[in-house]
Amino acid sequence: MHIPVLLEESTKLLLNGRRTGIYIDATLGGGGTTEKLLEQLDCSGRVISIDQDLSAIESASRRLQPYSNFTVVRENFRALDQILKKLDIRGIDGIIADLGISSMHVDDESRGFAFKSNSRLDMRMDPQGPYSSAYDLIMNLDEDSLKTIFRELGEERWAGRIASRIVETRKSKAIETPAELAKLVEEAVPKKFHSRRIHPATRIFLALRIKVNDELGVLRELLDKAVAALNPGGRMVFISYHSLEDRIVKWKFREYAALPESDFRIITKKPIIPTDEEIEANPRARSAKMRVAEKNQGGVL
C-alpha cells in the first residue's frame, strides 16, 4: 500500500486554514493525499487529481467514491494548462505534487521497477505512453550515452564501468529483466564499495527511470504552469526524493521570487523533512524534502 509522505504537514500548509477553493493533486497515486484534502474541504471546495497510470486511477477512484467534489484526469501533469482549459478553470488555489515513484509501481513486478522482478525491463509510468522503455535504452544506446545517463541522472560513481559491462554483456545476450540488470550492476561495482544500506544498482535504476519518463523536464514544465495558474494567495507544495528534483524546485522557487515586481514568497527557507518516527514507519520517506511557496495577494506572476 502506498503511504503518502509528510501528509499532515503538506495538506495543512497547502490549505493554510481554508476550507474552500480549487486544488490540484498532481500525483494522485493511491489517492491518500486527495482524500486528506477532501476531508478538510467543505462541499464548495474541489480537488482535481491527475495521474497518467490507469491502474492507479481505477484503484484511487474506488477509494474516493464517497466524495463528489473531485475530478480525476488521466494525463501527464506537464499538461496542467491544457487540463485546466478543458475543465474551464481559470485559476487554482493550490497545487501539491508528491514526486517520485509510487509504492504501487514497485510492488507490481510487471512494471519492471523492482530489483528482483523477472518481468520485462520497463519503468514507464504510463505503459501506453510515448516514451521508450528501460529495456530499449539498455539494449540500444551506445556506451557513452549510457555512461552520461548514469552519471548525470543517477550521480553514479561507477557509471563508465557499468555502461561498459552492459554493452559487453548485450553482445551475447539480451538484458531483459530488472533482476538481470541489478545482478550485472552488482557485479560491475567493486565489492568493497557496496553499501549496506542500499543496493548497488539503486542509482542506475533511478537514472533509467528519470530518463524513461523525462521526469526532470516534466517537473520544470509543471512548476512553470503551476505558478502561472495560481490565484493570489495560492500555494505550491512539492515533495521530492532526490537531489536533482529538489534542486529544480529550489531554484525555480528562487527564480520566481526574484522576478521584478514579483509577489511570489518562499514559505520554507529550508526544506521540511520527515521525523524519525515517520521514517521508521515508512522507510520511503527517508529522502523526502518538502518545499512550499505562495503567490501573495496582488501577485503578478
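Residues numbered from 1 in each chain as written. Predicted model: local features only at pLDDT ≥ 70, side-chain atom pairs only at ≥ 80, totals over all residues. Heavy atoms only, no water.

Engineer: I'm lost on the sheet that holds strand E6 (residues 264-266) in this one. Help?
Structural biologist: Working definition: the strands of a sheet are paired by backbone hydrogen bonds and lie parallel or antiparallel to each other. Strands sit in the order E3-E2-E1-E4-E5-E7-E6 across an open sheet of seven strands; the sheet is mixed. Every interior strand has two partners, whereas the edge strands, strand E3 (70-74) and E6, have only one. Here the strands of the sheet are splayed against their neighbours by 15° on average, with no regard to which way each runs. Examined bridge by bridge, strand E5 (residues 230-240) and strand E7 (residues 289-295) share six bridges and lie antiparallel to one another. Looking across to E7, one finds that Arg235 is bridged to Glu294. Helix H1 (residues 7-15) contacts strand E1 (22-25), strand E4 (92-98), E5 and E7 of the sheet and is inclined by roughly 165° relative to E5. Across the sheet, helix H3 (residues 54-63) touches strand E2 (46-51) and E3, and the angle it forms with E3 is around 165°. (Pairing = 2+ DSSP bridges. Helix = DSSP H or I, 4+ residues; strand = E, 2+ residues; numbered from the N terminus. Axes fitted to C-alpha atoms, helices over the stretch in contact; angles between N-to-C directions. Contact = heavy atoms within 4.5 Å.)

Engineer: I'm lost on the packing of helix H7 (residues 143-154) against helix H8 (residues 159-170) in this one. Help?
Structural biologist: Each pair of packed helices can be summarised by the angle the axes make with each other and by the distance between the axes. Where H7 contacts H8, the two axes come as close as 8 Å, and the packing angle between them is 140°. The angle between H7 and H8 places the two elements in the oblique class. H7 and H8 meet at a crossing whose hand is right-handed. Only Ala159, Gly160, Ile162, Ala163, Ser164, Ile166, Val167 and Arg170 of H8 make contact with H7, whose side of the interface consists of Glu143, Leu146, Lys147, Phe150 and Arg151. Looking at the contact of H7 with H8, its residues break down into seven nonpolar, two polar and four charged. (Parallel < 35°, antiparallel > 145°, perpendicular 65-115°, else oblique. Left-handed = near helix turned anticlockwise from the far one by under 90°. Nonpolar A, V, L, I, M, F, W, Y, C, P; charged D, E, K, R; others polar.)

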